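Fold and contact review
Below, each chain spelled out in residue letters.
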Amino acid sequence: MKRMRSVVFLLILLGSGLMAQAQFGNKNKKRQATATDANKSVDEVTILGIKSKFLAKDSTNVTVFMRVDLTKPNNVPVRWREFTEKFTLNYVVYPDFSSRERLAYGNIPLNEQNVVQLSHTRFMIRFEVKRPANHASGVLLGEISEIGTTKKVLNDLAIKFRDTKLGERFALFERTGRVPLLQNYVNLNDTVQLQDINKSVKELYVMRYRHDFEPAQSPMNTNPRNAARTLGVDTTFKISTSSPLIFKEEGLYYMTEDTTDTYGVGIVVTNKRFPKMTRPAELVRPVMYMSQANEINEMLAPKDPKKSLDRYWLNLMNGNSDLAKRTISAFYSRVEEANRLFTTYKEGWKTDKGMIYIIMGSPDRVQRSKDREVWVYSQRANFSEINFTFNRRPNQFVEDHYELQRYVEYQPIWYPMVEAWRTGAVRD
């Protein structure tokens, strides 16, 4: 079968605060592909994950940005030289996800020209890839390996050299325009730039929407949701690329070259605390994934949502405040990480991936093909292995919109996991 012959990329996905490929920056007790903390050297540097994006430079070259998140025991910062001297980066370009024909390959030196340190544990690698002969697109498989060991992390990225969309030529960069943000959200009053590799100046149309998108439906709900076909535009204005840009109101912003364009660049502008959620009225909503309808209604009705939310958690934990605090911390750590990892045109916790991540945690592995991701979980609750399949769907705002394939058969898996949350049995 063709599917069985497909190139399958297995990625390690971790818990709250980290990043693994494509979407995943998945932090608490982190599940890693290395030895336990007790066996780690204090100097050991571990790759937690990779997120990548390409920007078309011209018809023959693309620029690849690869953000790498690392960690050391006891949260010790990773020095620039530790990263560049400890790891190597190689890549291969294939025609597509189902082929092993090598179109191009290379080794990227990790040096001052190619590597920028973004924080104590985060680095950005930048390199150029030339278009293979007779191919306008391909799949780039990057491999970051630890020198002297067999440890490596893979990252796959679909790339295009021709007929690129706006979002494949332009991206949001931080205020200096040096590195892209590689995320679909920015905070209020942050300074960013929308630019391409050549830093060209172009006028774009911007539409702002204040629509409050619905959270994900249950994995067992196979009935299609009747979504609105159009969204009401709240504000319109113009911006110039490669110039400082500040958003002063929350909402979904959509940028296009022409008002009739089918695809553009979407960005969610959030409050200053996001991806954390701190407002009591906000904190109530994610618990819908583990709550009954009457519980949600009771929390939404009172004028003091904080007291209502505290009462909800204490009731679940039979008045055990210590257990309630631990469970609350674990739950909202996952909510925060879902926001960080999966925000698309709506907050990450509302997405199908966000819902699964919050309840189930990090998948043990991910199998990816052109338009599909399969999250594989092993040894949870009362099952040995379960798969959740996400299909990529066309979306005018973002490139990485995925929807879950829903089945009623998930009930004997989902309900025990929900009950584990409701009894404080989940530990991250």
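None of these values were measured; they are calculated from a predicted model. Within every chain, residues take consecutive numbers counted from 1 along the sequence as written. With the structure being a predicted model, the display of local features is reserved for residues of pLDDT at least 70 and the display and counting of side-chain atom pairs for 80 or more, all residues being used for whole-chain, interface and lining totals. Note: side-chain values were computed over all heavy atoms of the structure, leaving out hydrogens and water.

1. A few points about the packing of aromatic side chains
For clarity, the threshold we go by: Pairing of aromatic rings covers Phe, Tyr and Trp, the last counted by its six-membered ring, and requires centre-to-centre distances within 6.5 Å; plane angles under 30 degrees mean stacked, over 60 mean edge-to-face, and any other angle means tilted. Burial status follows relative accessibility: with a 1.4 Å probe on protein chains alone, a residue under 20% of its type maximum counts as buried, one over 50% as exposed, and anything between as partly exposed. The criterion for a charge sitting over a ring is simple: Lys NZ or Arg CZ within 6 Å of the ring centre, and within 35 degrees of the ring normal.
Considering all chains together, one arrives at 23 aromatic pairs under this definition. For the ring pair Phe-83 and Phe-87, a centre distance of 5.7 Å and an interplane angle of 40° mean the geometry is tilted. Owing to a relative accessible area of 0%, Phe-83 belongs among the buried residues under this scheme. Consider the rings of Phe-247 and Tyr-253, whose centres lie 4.6 Å apart with planes at 55°: the pair is tilted. By relative accessible area, Phe-247 is classed as buried at 2%. Ring-pair connections join several aromatic residues into one group, and the members of that group are Tyr-209, Phe-213, Tyr-254, Tyr-345 and Phe-397. In this structure, Lys-165 packs its charged tip against the face of Tyr-263, placed 4.0 Å from the ring centre. Sitting over the face of the ring of Tyr-402, Lys-353 holds its NZ or CZ atom 3.9 Å from the ring centroid.

2. Describing helix α5 (residues 305-316)
Our working definition: Strands here mean DSSP runs of E at least two residues long; helices mean DSSP runs of H or I at least four residues long; both are numbered from the N terminus. To estimate how far a helix should reach, multiply one less than its number of residues by 1.5 Å. The directions from the helix axis to the C-beta atoms are what the arc is built from.
Taking 1.5 Å as the rise per residue, α5 with twelve residues should run 16 Å; its terminal C-alpha atoms sit 17 Å apart, in good agreement. Buried within α5 we find Ser-308, Leu-309, Tyr-312, Trp-313 and Leu-316. Summarising the axial view, the buried residues of α5 lie within an arc of 130°, below the 170-degree limit, and thus occupy one face. Away from the buried face of α5 by more than 90 degrees, exposed residues Lys-307 and Asn-315 are located. Of the residues flanking the end of α5, it is Asn-318, one or two places downstream, whose phi is positive at about 55°.

3. Regarding the environment of Leu-404
Applied cut-off: Any two residues having at least one pair of non-hydrogen atoms within 4.5 Å are treated as being in contact.
Residue position: Leu-404 is located in strand β21 (residues 402-404). Note: C-alpha distance between Leu-404 and Ser-218 (186 residues apart in sequence) is 9.8 Å. Residues contacting Leu-404, with those up to four places away along its chain left out, are Pro-219, Asp-352, Met-355, Ile-356, Phe-388, Thr-389 and Phe-390.

4. Brief notes about the sheet that holds strand β6 (residues 115-117)
Rules: In short, DSSP must find at least two bridges between two strands for them to pair. Structural elements are reduced to axes, namely lines fitted to C-alpha atoms, with helices fitted over the stretch in contact, and the angle between N-to-C directions of any two is expressed from 0 to 180 degrees.
Spatial strand order, β2-β3-β7-β6: four strands in an open sheet with antiparallel pairing. The open sheet terminates on both sides in strands that have one partner only, identified here as β2 (46-56) and β6. Pairs of neighbouring strands in the sheet enclose a mean axial angle of 20°, with direction left out of account. Taken together, the nine bridges between strand β3 (residues 61-71) and strand β7 (residues 122-130) define a ladder with antiparallel strand orientation. Looking across to β7, one finds that Val-62 is bridged to Val-129.

5. Comments concerning the pairing of strand β13 (residues 203-209)
Of all seven residues making up β13, five are buried, and the element is well covered by its neighbours. The pairing of β13 with strand β16 (residues 251-256) spans five bridges and is classified as antiparallel. Within β16, the position partnered with Tyr-209 by the bridge is Leu-252.

6. Details of the sheet that holds strand β4 (residues 87-94)
Across the sheet, which stays open at both edges, the four strands sit in the order β5-β4-β8-β9 with antiparallel pairing between neighbours. Whereas interior strands pair on both sides, the edge strands pair on one side only; in this sheet they are β5 (104-108) and β9 (152-160). Strand-to-strand twist across the sheet, computed as the mean angle between neighbouring axes with direction ignored, equals 20°.

7. Quick look at the pattern of salt bridges
Let me state the cut-off plainly: Each reported salt bridge corresponds to a side-chain nitrogen of Lys or Arg within 4 Å of a carboxyl oxygen of Asp or Glu.
Applying the stated criterion across every chain, the model contains 34 salt bridges. Residue Arg-79 is joined to Glu-82 by a salt bridge in which the shortest nitrogen-to-oxygen separation is 3.9 Å. A relative accessible area of 13% places Glu-82 in the buried class. A salt bridge links Arg-208 to Asp-234, with the shortest nitrogen-to-oxygen separation between them at 2.4 Å. In this pair, Arg-208 is assigned in strand β13 and Asp-234 in strand β14 (residues 233-240), connecting sequence segments 26 residues apart.

8. Some details on the packing of helix α4 (residues 293-300) against α5
Packed helices, taken two at a time, are described by their axes: the angle between them and the distance between them. Quick reminder of the rule: Two helices that cross are described as forming a left-handed crossing if the nearer one is turned anticlockwise from the farther one by less than a right angle, and a right-handed crossing if clockwise. When residues are sorted by character, Ala, Val, Leu, Ile, Met, Phe, Trp, Tyr, Cys and Pro go into the nonpolar class, Asp, Glu, Lys and Arg into the charged class, and all the rest, Gly among them, into the polar class.
Packing of α4 against α5 leaves a shortest axis separation of 8 Å and a crossing angle of 145°. The two elements α4 and α5 cross, and the hand of that crossing is right-handed. The segment α4 lies against α5, with Glu-295, Glu-298 and Met-299 engaging Ser-308, Leu-309, Tyr-312 and Leu-316. Across the contact of α4 with α5, the residue classes break down as four nonpolar, one polar and two charged.

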